[in-house]
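Summary of structural features
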Amino acid sequence: MQFPESWLREFCNPPISSEQLAQTLTMGGFEVEERRPAAPPFSKVVIGEIKEVAPHPNADRLRVCQVDVGQGEELNIVCGAPNARAGIKVPCALVGAELPPGEDGQAFKIKLGKLRGVASQGMLCSARELHLNDDHGGLLELAADAPIGLDVRQWLQLDDVLLTLKLTPNLAHGLSVYGIARELAALTGAPLRVPEIAAVALTSAEQRPVTVQAPDLCGRFSGRVVCGVNTHASTPAWMVARLERCGQRSVSPLVDISNYVMFEYGQPSHIFDLDKIHGGLTVRWGRAGEQLKLLNGNTITVDEQVGVIADERAVESLAGVMGGDATAVSGQTRNIYIEAAFWWPQAVQGRSRRYNFSTDAGHRFERGVDPSRTVQMIERITQLVLDICGGQAGPIDDQTLRLPQRKPVTLRVARAARVIGMPLTQTQCADALRRLGLPLEQSEGAITVMPPPYRFDLEIEEDLIEEVARLIGYDNLPSTPAQGPVIASVPSEARRSRFAVRHRLADLGYQETINFSFVQAHWEHELVGNRNPIELLNPIASPMSVMRSSLIGSLLQVLRFNLDRKAPRVRVFEVSRVFMRDAAVQTTEVSVQGVRQPMKVAALAWGEAQLRWERKGGAVDFFDAKGDVEALLAPLTPRFVKLAEHPALHPGRAARVLVQEREIGFVGELHPRWCQQWEFAQAPVLFELDLEAVQARPLPVARPLPRQQAVERDLALVVDESVAYQDLVQTIEAAAAGSPLQQVSLFDIFRPQPGTESSGGLTAGKKSMALRLVFNSDTQALTNEKIEPVIRAIVDAAAQLGARLRGQA
């Protein structure tokens, strides 16, 4: 919310500087996000009156003006503005004046010179040249009573300061200048000026019948007819200036008055063209299929969840949000209907976002508007209308149906002292609450407050404790040292931190990404096989409607983003939380019932593999990702088991990752159908692991060096192409159980040349796997007699997989 400081000080003017005022509001819970001058610096610009205008002798579009600036002698100034005419008062920059900097950042200095041969002793200014607004259609015309020769900055209050407040949703009572002034008075003790809003004299009996059919939509509705208004009148300059300094441009007198009162007191209102209303008005919920063209030009379709104001023919306004175009006031308007109402916050919340726009009125009604002042606001608006546009006011139709029932809230002084952390007396608490204008009753050790109608944020005891704390002043709260010793917790050496995991992945060449936990629903269906993801009640965007249960989709999106920008090689990772349904999870301080939220680490690689001396180039493949998983988990030794099926992965190029026989994730190549759908020229490889398992780091255990020399044996086994290396190793380890076999490793694979029936003694569909077996014993020297039986047992066991020694028939 933005407003000028001078307007605020009209209601409450504490004897403090502008900087102190901003600091006071911020420390009182009303954060001043920005504080800036109303106009940039410029000097020697005064009010001048054009006395005479003559055509320029040498230029058709220029005029020679005689300008009185209060110096006794009129100045000769050449001007090209189309509205330059005798009798108007305008800003005049004298010789030596410095105007605001232009695009080059340099101040514009006014010098004595000639334009087309005619001397010019200054410059007449537009609003744009003074950087007051973007209007450069002509000179800035000032009020007729502006004193000649007075500094323009003083007359227009250009040394004013604009304050921009960043208010939290519970501070609805601060969405007006008067509301902020009320808080400032409580914080500083300065008196609050409460303007008297008198009822206008009734000069007409005209009324328009209104029926409120939905008390759950509208709790109070007030309206008045004003006849014979002059919509061609001009909005006063002071009102235009204040609206502009609130960030609202001037539209027309009636619209400006409605906006002005909203900024002044926080009560949105709407003014209808009475002659465009057919019959009476009805306040009700919408009906399916009804359409309304709004003031912003959009045509929307309403339903039973949207409140409307309708006449006998059609919907005329979106309740609490925006009026309709059909009954908007215009230059032909002569009779108007002024409406001010209390719309229930829950009946307005989300309605404007549903139609992809927002309004100041909806912003206020969503948070709660004082229902007790609708009649007073009608009177305030009416008085301004009569003063500016004239007319005859009719009686106010005020209907009160159902208002919020405020319940008393009790503050226990002892609890307030305990929560705030400082000694408090009941007198201090009562004084703080009285300064806020809250009606209260006291008893022994307790204060009961009846929240006023404009305070929608006072519902529980903690709300009152907060009020007491901020009125006492957060700066005045004592700094109490901790009573117990502060002992730093020593992290376990058997567990590495998330920071260390991130650094390890960065060492492997990956870059970290951070993505939303909200993803597209079809990602969950297609990439994870999750048919029942956790849906968001109010997603920030339609493509981000569910909580992700895997990081795969987010990494694929990052890859697509980088490929669209011609990235030649992509290696990214993410460490984040995923969300899965689990009925066994109960609500605790760190969990929500029915939702399991484990941490995952996932990575994706695409493009050329890292160049190494022993390997020529080529695209990354399954074994690159597998090697990165092994490096990430070291010193743990993972086991990779063929993954039968995964919705996102290639069925023959994916594996489950097991550590100590517990599955912790998967690694594999993206399925061809998703490569085609995402338009990847080659398949990325990726892995996803449980972060808890990755963080595990067993402590090293000292072992004595072997006393005996290791014995190595190489076996070349011919097997079917379908036999996996992991199955062969498991068979060998089972056959050699209890023997001194310590290690099995694969060092070569030989296959027949493509297109040949046999090669190297192998037929098509066969492969030779060369294995190195390492034997050792700490208790005895190994001889051939002790190793050969183990080798025979291994060969016999491998035969169960159809394996034979190479060279045997």
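The paragraphs below set out a description of the structure included in this document. Just so we're clear, the structure is a prediction, and the values are computed from it rather than from any experiment.

**Points about the overall build of the protein chain**
Across its full length, the protein chain carries 21 helices and 42 strands. What you see for the protein chain is a C-alpha radius of gyration of 40 Å, clearly larger than the 28 Å of a compact globule of 809 residues, by over 25%. The dimensions of the protein chain, computed from C-alpha atoms along their principal axes, are 125 × 85 × 65 Å. Per-residue burial for the protein chain yields a buried fraction of 48% across its 809 residues. Considering only intrachain contacts with a sequence separation of at least 6, the fraction spanning at least 24 residues in the protein chain is 69%. A distance of 5 Å separates the average location of the 85 positive side-chain charges in the protein chain from that of its 94 negative side-chain charges.

**Regarding the pattern of salt bridges**
Considering all chains together, one arrives at 40 salt bridges under this definition. One salt bridge in this structure joins R242 and E10, with 2.2 Å as the shortest N-O distance. Of this pair, R242 sits in helix α5 (residues 237–245) while E10 sits in helix α1 (residues 5–11), placing them 232 residues apart in sequence. The class of R242 is buried, set by a relative accessible area of 14%. Classification of E10 as partly exposed rests on a relative accessible area of 39%. The salt bridge partner of R571 is D628, with a shortest N-O separation of 2.9 Å.

**A short note on helix α20 (residues 725–735)**
Three- or four-residue spacings in an α-helix give side chains the same orientation, since the helix completes a turn every 3.6 residues. Among all positions in α20, only Q726, L728, V729, T731 and I732 are buried. Contacts from the buried residues of α20 go to β33 (639–642), β37 (711–720), β38 (741–750), β41 (766–775) and α21 (784–799).

**Some points on the environment of A205**
Here A205 lies in the loop between α4 (177–188) and β12 (210–212). Taking the relative accessible area as the measure of exposure, A205 reaches 71% and is therefore exposed. In sequence terms A205 and T448 are 243 residues apart; their C-alpha atoms lie 45 Å from each other.

**Digging into the side chain of E669**
Position of E669 among the secondary structure elements: in strand β35 (residues 662–670). Note on E669: relative accessible area 11%, which makes it buried. Excluding residues within four positions of it along the chain, E669 makes contact with A648, L649, H650, R653, A683, P684 and V685.

**Digging into the layout of surface pockets**
Of the volumes computed, that of the largest pocket is approximately 1,300 Å³. For the largest pocket, the lining is made up of 38 residues, of which F622, F623, K626, Y725 and Q726 are closest to its centre. Mapped onto the lining of the largest pocket, the elements with two or more residues apiece are α17 (622–633), β33, β34 (649–659), α20, β38 and β41. In terms of residue class, the lining of the largest pocket is made up of 18 nonpolar, seven polar and 13 charged. Roughly 1,000 Å³ of volume is contained in the second largest pocket. Looking at the second largest pocket, it is lined by 34 residues, and the ones nearest its centre are L156, A237, V240, A241 and E244.

**With respect to the sheet that holds strand β20 (residues 322–323)**
Here we have five strands laid out as an open sheet, ordered β12-β15-β18-β19-β20, and mixed in their pairing. Among the strands making up the open sheet, the edge pair consists of β12 and β20. In this structure, strand β19 (residues 315–318) lies alongside β20, joined through two bridges in antiparallel fashion. Counterpart to S317 in the pairing with β20 is G323.

**Overview of the pairing of strand β15 (residues 281–285)**
Burial within β15 is extensive, with four of its five residues counted as buried. Pairing geometry for β12 and β15, over three bridges, is parallel. Paired with V210 across the two strands is L281, which belongs to β15. Of the pairings in the sheet, the one linking β15 to strand β18 (residues 307–310) comprises four bridges and is antiparallel in character.

**Comments concerning the side chain of D273**
Tracing the backbone through its elements, the reader meets D273 in strand β14 (residues 270–273). Excluding anything up to four places from it in sequence, D273 contacts T327, A328, V329, T333 and N335.

**Brief notes about the sheet that holds β34**
Taken in spatial order, the seven strands line up as β26-β29-β32-β36-β35-β34-β33 in an open sheet, and their pairing is mixed. Each of the sheet's edge strands pairs with one partner strand only, and the pair in question is β26 (511–512) and β33. In the sheet, β33 pairs with β34 via four bridges, with the strands oriented antiparallel. Considered in β34, the bridge of F640 is made with V657. Contacts from helix α14 (residues 498–507) reach β26, β29 (569–577), β32 (599–607) and β36 (685–690) within the one sheet, and its direction differs from that of β29 by about 170 degrees. Lying on the sheet, α17 is in contact with β29, β33, β34, β35 and β36; it crosses β36 at an angle near 30 degrees.

**Overview of the packing of helix α2 (residues 18–27) against α4**
Remark: α2 packs on α4, axes separated minimally by 10 Å, with the N-to-C direction vectors making an angle of 95 degrees. With respect to α4, the axis of α2 lies roughly perpendicular. Of α4, the residues touching α2 (which contributes L21, T24 and L25) are I180, L184, L187 and T188. Taken together, the residues of the contact of α2 with α4 sort by class into five nonpolar, two polar and no charged.

**Observations concerning the nonpolar core**
One finds F3, L8, L25, L163, I336 and V385 to be the most contacted residues of the largest nonpolar core, which totals 48 residues. Looking at this core, the elements that each hand over two or more residues are α1, α2, β11 (161–166), α4, α5, α6 (253–265), β21 (336–343) and α10 (374–389). Residues A310, V321, A341 and F342 belong to the second largest nonpolar core, which totals 38 residues.

**Considering the packing of aromatic side chains**
Aromatic ring pairs are reported here in terms of the distance separating the ring centres and the angle at which the planes meet. Taken as a whole and judged by the stated rule, the model has 13 aromatic pairs. Joined through ring pairs, the aromatic side chains of W7, W238 and Y260 make up one cluster. In this arrangement the basic side chain of R153 is found over the ring face of F42, its NZ or CZ atom lying 4.7 Å from the centre.

What counts and how
- Residues numbered from 1 in each chain as written.
- Predicted model: local features only at pLDDT ≥ 70, side-chain atom pairs only at ≥ 80, totals over all residues.
- Heavy atoms only, no water.
- Helix = DSSP H or I, 4+ residues; strand = E, 2+ residues; numbered from the N terminus.
- Rg over C-alpha atoms; globule rule 2.2 N^0.38 Å.
- Buried < 20%, exposed > 50% of the residue type's maximum accessible area, 1.4 Å probe, protein only.
- Contact = heavy atoms within 4.5 Å.
- Lys, Arg positive; Asp, Glu negative; His and termini not counted.
- Charge placed at Lys NZ, Arg CZ, Asp CG, Glu CD.
- Salt bridge = Lys/Arg side-chain N within 4 Å of Asp/Glu carboxyl O.
- 1 Å grid on protein atoms, 1.4 Å probe; cavity = no way out; pocket = protein on both sides within 12 Å on 5 of 7 lines; lining within 4 Å.
- Points joined across faces, edges and corners; volume = space filled by probe spheres on them.
- Nonpolar A, V, L, I, M, F, W, Y, C, P; charged D, E, K, R; others polar.
- Pairing = 2+ DSSP bridges.
- Axes fitted to C-alpha atoms, helices over the stretch in contact; angles between N-to-C directions.
- Parallel < 35°, antiparallel > 145°, perpendicular 65-115°, else oblique.
- Core = buried A, V, L, I, M, F, W, Y, C linked by side-chain atoms within 4.5 Å.
- Phe/Tyr/Trp six-rings, centres within 6.5 Å; stacked < 30°, edge-to-face > 60°.
- Lys NZ or Arg CZ within 6 Å of the ring centre and 35° of its normal.

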